[in-house]
Amino acid sequence: MATMTAAQRREKARADYDAFLKACPTNQLLDRISDKWVSLVVAALAPGPLRYSDLSRKIAGVSPKMLTQTLRTLERDGILTRTVTPSVPVRVDYALTPLGSSLALLLVAVKDWAEIHFDEVHAARERYDTETAQSAGSTGA
């Protein structure tokens, strides 16, 4: 068997990823980045760095515990950086890394799509619910 260079091994490993397989690390990564709070934090940071309190105000409904947990996870994954500036009080800023910025392009597009098309989705839901209720009523179920 021929030996492989490190670059060839990396390329083979990349080609072997299959997000449709539960055990694949890319499946786990998709699970992480599809989280609602992750999407909103990344989208909120897309224009530029924000402090914790700014993020908390911008993302309605996120609890302090969930925001902290999400920020730590994103920092661990290399999506954002946390910069502490010694002052009174201490200033902590969060900013996207280049990796995070590339993800933000996608997540901001998804957020924008949801905002633009919500009325259509809502109307489709109402139609579906009405039709389903009528079908259930006509079959006696």
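Residues numbered from 1 in each chain as written. Predicted model: local features only at pLDDT ≥ 70, side-chain atom pairs only at ≥ 80, totals over all residues. Heavy atoms only, no water.

1. Focus: the nonpolar core
Counting 21 residues, the largest nonpolar core has Val41, Val42, Leu45 and Leu55 as the members making the most contacts within it. Put simply, the parts of the chain that give this core at least two residues each are helix 3 (36–45), helix 5 (64–76), strand 3 (91–96) and helix 6 (98–139). Per element, the largest residue contribution to this core is 6 residues, and it comes from helix 3. Those residues in contact with Val41 that sit more than four places away from it in its chain are Ile59, Leu67, Thr70, Leu71, Leu74 and Leu80. (Core = buried A, V, L, I, M, F, W, Y, C linked by side-chain atoms within 4.5 Å. Buried < 20%, exposed > 50% of the residue type's maximum accessible area, 1.4 Å probe, protein only. Helix = DSSP H or I, 4+ residues; strand = E, 2+ residues; numbered from the N terminus. Contact = heavy atoms within 4.5 Å.)

2. Notes on the packing of helix 3 against helix 5
When two helices pack together, their arrangement is captured by the angle between the axes and the distance separating the axes. In contact at an axis separation of 10 Å, helix 3 and helix 5 are set at 75° when each is read in the N-to-C sense. Here helix 3 lies roughly perpendicular to helix 5, going by the angle between them. Counting all contacts with helix 3, which are made through Trp37, Val38, Val41 and Val42, the residues of helix 5 involved are Met66, Leu67, Thr70, Leu71 and Leu74. For the contact of helix 3 with helix 5, the class distribution of residues is 8 nonpolar, 1 polar and no charged. (Axes fitted to C-alpha atoms, helices over the stretch in contact; angles between N-to-C directions. Parallel < 35°, antiparallel > 145°, perpendicular 65-115°, else oblique. Nonpolar A, V, L, I, M, F, W, Y, C, P; charged D, E, K, R; others polar.)

3. Some thoughts on unusual backbone geometry
With an omega of -5°, the peptide bond running from Val88 to Pro89 counts as cis. In this structure, Pro89 sits in the loop between strand 2 (80–85) and strand 3.

4. Describing the confidence of the model for the protein
Averaged over every residue, the pLDDT of the protein is 90; residues scoring 70 or more account for 94%. Least confident of the elements in the protein is helix 1 (residues 6–16), whose mean pLDDT is 70; most confident is helix 5, at 97. (pLDDT = per-residue confidence, 0-100.)

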